[in-house]
Structures are given as structure tokens and as C-alpha cells.
Amino acid sequence: MSTSSSSLQAPAQPASAPAGNAISLMELIALAIGLLAMYVPTYMKLDAQVWSQEGQGHGPVMLALTIWLVWKRWPELMAAPDQNKFVPASLFMLVAVFFYVIGRSQDFPEFEASSQIPLVIAILLSLKGWRGVKIMAFPIFFLIFLIPLPQILVMVVTAPLKMGVSVVAEAALHAAGYPMGRTGVTLSIGQYQLLVADACAGLNSIFALEAIGVFYMSMMGYTNPKRNILIALLILPISFASNVIRVITLVLVTYYFGDEAGQGFVHGFAGIMLFMIATMLTVATDTLIGRFIPGNKEEEAQLTAQKA
């Protein structure tokens, strides 16, 4: 009696679900062309009307930093699964169109620049869902520093800021033995009189320095919320101190080398020096904070080992 043997076969594997359609290169190129067509005129307008003014030259720097932040997060964004959140994307798109149309038609560069934020969120929601928005959250937030501040706000806040910087600078130089005097925001030293201008102590310079501090926090990548909150709170006084140091330096350059040298300093090196001072003060402050509050688990382990 013979028995027939049947060959054993492995069960068929279920077909995997097709992956979502990845974004093609041509789609990305078309999207980039559309964004450039919309916002290159906006940036040209900002360059002509805002960034060319004294104390407003930080705009191109903020734009370059924003592009760099996007580039650093781009691989992670492309690796995220495709999702289309149609309803929230549509709502953000409507907001973006409203701001863009009002800004372009009424010549409000603030509105035009502001439209970038909801537009970018709408694009991310339609391509990568909320995951894409989360990945690009910080570059989106950093776009705020590309938006010109309303002039009425600048005028209201700048006056007390200028007065505060003038008072502190005059007191510091007087304590150091210099022949100082002050009338409002006009500082007198020897035979020279210097008016503390908006560019030296205004809201726009404080706003630019805030951007540098926020960018520094992003670069450090601290996971301890206490460390981040404390640094964020100290960015404003650091910005104020940087402006005071800038004014003191200007006064001393004028006192020792004359008014022409002082004016050359203002229009040449003063802006660069302001950012250098703010960066150094931020790093020094963060280093001091790090002696007491760790930024991540590795620093916490080091502090624990030092105390042991």
C-alpha cells in the first residue's frame, strides 16, 4: 500500500499595504518655484523699505538662519510618512491668503511677511500632517523674526528703552571717573554730545538680539525645561546690557578719538559688535547657569559626580 506524500509549502505572505505616494522631485520644484514667485518680491520690498534702514539690517541674517534651520531638519521631514490633513490645512491656507492679499494690495510688508507662517503650516499639513508641523516647529517660529515690527509699537517701546540705556551708560561712565552729563537721551562727555539713537537702544535692536538668543537655545538642544526657561528669561536683560555696552563704547571712542571716529564706528562696526557682545554674554550666562542647572542627563551626571 503506497502513500502519497504531499509537499509542504509555506503559507503565502499577505501583500503589504502600498506605501503612501512619496513627494516627487518635480512636485518639490514646483512648490519651491511658487514660493519664490510669491515671496521674492516681498523680500525685495523688505530690503528696500526696512532692512536698509539703520538698526534694521538683521533681516537677511534671520532669513539665512531660517533657511539653515529648515535644511538641518529636511531629512527628518522627508522621512516622515505622508499625510493630508485637509481641513486644518485649508483653514491655515485661508488665513495665509487673507494676510498675503491684504499686505500686497495695501502695501503692508508686515502682513505679507506674516502670511508665510500660516502658508508653511498649511503646506506641511497637506503633505506630512501634524508630524511635519512638529518637525519644522522651530523654523516656523523663527519666521517671526523676519516680520517687521509695527511702527507704532516701536515708537511706544523705544522711548523708555533709550532712556534706560542712557541712564545706565551715564551712571557707569560717571562712576568710572569720566566727565559725564545727560539731558534726556543726550549724553555729554567733555566737549562732545551724543544722542542715543533708536538704532543704539531701540526695540528693533532688542528684537534682533532676542532672535540670536532663541537661536542659541535651539543650537544647544537642552532637554531640561528649567534651563531653557531661565535662559529665555535672561535673554531680554542680556540684550539690554549689550546695548548699554555698545553705547558706552561709542561714547569712549568719541571721547578719545573725536566725533568723526565715533560716527564712523556707528555706521561701521557698531552693529557687528552688538551681536558679538550679545553672543558672548549669552554663552557666559549659560555657562554660569550650567554650574547649577544641568541641560541634559549627561550634564546632570557630571554635576552629581562633582558633588559626590
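Structure first, text after, so check above.
Keep in mind the model is a prediction, meaning the values are calculated, not measured. (Residues numbered from 1 in each chain as written. Predicted model: local features only at pLDDT ≥ 70, side-chain atom pairs only at ≥ 80, totals over all residues. Heavy atoms only, no water.)

K.L.:
For a nonpolar patch on the surface, give the residues involved together with the corresponding values.
P.N.:
A cluster of nonpolar side chains, Leu25, Met26, Ile29 and Ile33, forms an exposed patch at the surface whose accessible area comes to about 440 Å². In this fold, Met26 is placed in helix 1 (residues 25-51). Of the residues examined, Met26 reaches a relative accessible area of 60% and is grouped as exposed. (Patch = residues over 30% accessible without salt bridge, like charges linked within 9 Å, V, L, I, M, F, W, Y side chains within 5 Å. Areas by Shrake-Rupley, 256 points an atom, 1.4 Å probe, with all protein chains shown as cover. Salt bridge = Lys/Arg side-chain N within 4 Å of Asp/Glu carboxyl O. Helix = DSSP H or I, 4+ residues; strand = E, 2+ residues; numbered from the N terminus. Buried < 20%, exposed > 50% of the residue type's maximum accessible area, 1.4 Å probe, protein only.)

K.L.:
Lay out the environment of Asn224 with the relevant residues and their values.
P.N.:
Looking at where Asn224 falls in the secondary structure, it is placed in the loop between helix 10 (203-220) and helix 11 (225-257). Taking the C-alpha atoms as reference points, Asn224 and Asn296, separated by 72 residues in sequence, lie 5.7 Å from one another. If near-sequence neighbours (up to four positions away) are discounted, Asn224 is found in contact with Ile293, Pro294 and Gly295. A polar side-chain atom of Asn224 sits 3.0 Å from the main-chain amide nitrogen of Lys226. At 2.8 Å, the side chain of Asn224 forms a polar contact with the backbone oxygen of Pro294. (Contact = heavy atoms within 4.5 Å. Polar contact = N/O pair within 3.5 Å; in protein donor to acceptor, adjacent residues only side chain to side chain.)

K.L.:
I'd like a description of the nonpolar core, backed by residues and values.
P.N.:
With 46 residues, the main nonpolar core has Met62, Phe142 and Phe145 as its most contacted residues. Of the residues forming this core, the biggest block, nine residues, is contributed by helix 10. Leave out the neighbours within four places in its chain, and Phe145 touches His58, Met62, Phe207, Glu210, Ala211 and Val214. Val165, Leu173, Ile189 and Leu194 belong to the second largest nonpolar core, which has 16 residues in total. (Core = buried A, V, L, I, M, F, W, Y, C linked by side-chain atoms within 4.5 Å.)

K.L.:
Just give me the short version of the pattern of salt bridges, but keep the residues and values in it.
P.N.:
In the structure shown here, the tally under the stated rule is six salt bridges. With a closest N to O distance of 3.3 Å, Lys45 and Asp107 form a salt bridge. With Lys45 in helix 1 and Asp107 in the loop between helix 3 (86-106) and helix 4 (109-114), the pair connects residues that are 62 residues apart, well separated along the chain. Lys45 gets classed as buried once you look at its relative accessible area, which sits at 17%. One salt bridge in this structure joins Lys128 and Asp82, with 2.7 Å as the shortest N-O distance. Of the two residues, Lys128 sits in the loop between helix 5 (116-127) and helix 6 (129-135) while Asp82 sits in the loop between helix 2 (59-79) and helix 3, which places them 46 residues apart along the sequence. Classification of Asp82 by relative accessible area gives partly exposed; the value is 27%. One network of salt bridges, with partners in common, ties together Lys45, Arg104, Asp107 and Glu112.

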